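# Working through the structure, step by step
Listed below are the residues making up each chain.
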Amino acid sequence: MLYWVGLIVGIALAVWIGWLVMQKQFKFRWYEVVLAALGFISAFAAVQHYFASVREYEHTSAWLGALVFGLLALIMLGVSLQLVRSHNRTR
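The following paragraphs examine the structure supplied in this document.

Reading guide: rules and limits
Residues numbered from 1 in each chain as written. Predicted model: local features only at pLDDT ≥ 70, side-chain atom pairs only at ≥ 80, totals over all residues. Heavy atoms only, no water. Helix = DSSP H or I, 4+ residues; strand = E, 2+ residues; numbered from the N terminus. Buried < 20%, exposed > 50% of the residue type's maximum accessible area, 1.4 Å probe, protein only. Phe/Tyr/Trp six-rings, centres within 6.5 Å; stacked < 30°, edge-to-face > 60°. Contact = heavy atoms within 4.5 Å. 1 Å grid on protein atoms, 1.4 Å probe; cavity = no way out; pocket = protein on both sides within 12 Å on 5 of 7 lines; lining within 4 Å. Points joined across faces, edges and corners; volume = space filled by probe spheres on them. Expected span 1.5 Å × (residues − 1). Patch = residues over 30% accessible without salt bridge, like charges linked within 9 Å, V, L, I, M, F, W, Y side chains within 5 Å. Areas by Shrake-Rupley, 256 points an atom, 1.4 Å probe, with all protein chains shown as cover. Salt bridge = Lys/Arg side-chain N within 4 Å of Asp/Glu carboxyl O.

## Let's talk about unusual backbone geometry
Positive phi, normally seen in glycine, also occurs at Y57, with a value near 60 degrees. Of note, Y57 is situated in the loop between α2 (30-55) and α3 (59-89). Given a relative accessible area of 69%, Y57 falls into the exposed group.

## Let's talk about the packing of aromatic side chains
The description of an aromatic ring pair rests on the distance of the ring centres and on the angle between the ring planes. Applying the stated criterion across every chain yields a total of 3 aromatic pairs. Taken together, a centroid distance of 5.9 Å and an interplanar angle of 85 degrees make the contact between W30 and Y31 edge-to-face. Among the residues examined, W30 registers a relative accessible area of 66% and is labelled exposed. Aromatic rings pair up to connect Y50, F51 and W63 into one cluster.

## Describing the side chain of S80
Structurally, S80 is set in helix α3. Beyond its immediate chain neighbours, meaning those up to four positions away, S80 contacts E32, L35 and A36.

## Some details on the layout of surface pockets
One simple way to see leftover space: roll a probe sized like a water molecule over the atoms. Put simply, the largest pocket is a space of about 440 Å³. W16, I17, F28, A36 and F40 are, among the 17 residues lining the largest pocket, the residues nearest its centre. The set of elements that each furnish at least two residues to the lining of the largest pocket consists of α1 (2-22), α2 and α3. By residue number, the principal contributor to the lining of the largest pocket is α2, which donates 6 residues.

## A word on α3
End to end, α3 covers 44 Å across 31 residues, agreeing with the expected 45 Å (1.5 Å per residue, within 8%). Considered for burial, the residues of α3 that qualify are A62, G65, A66, G70, A73, M76, S80, V84, H87 and N88.

## A word on a nonpolar patch on the surface
A cluster of nonpolar side chains, W30, Y31, V34, L38, I41, I75, V79 and L83, forms an exposed patch at the surface whose accessible area comes to about 790 Å². The leading source of residues in the nonpolar patch is α2, at 5 residues. Here I75 is to be found in helix α3. The exposure class assigned to I75 is exposed, which follows from its relative accessible area of 54%.

Here's what the structure looks like:
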């Protein structure tokens, strides 16, 4: 089930980002894209770790792992969002 959710989300993000770039609304630098990709990978790792740990009846590990990976994802996605916004605002 998580495979299909990840596949659909990945396709939707690729189409959305491609549309934004084609419309010339946003320009990205390479390190902003890498940082955002690492943030999304960390977010998916948080979800996967949570559900895998709950399935093994390790509820404390599930919450702590989701917290660590989730905060890391939020920080990376927030930093990349601010970099893109500041980069595009100065144009």
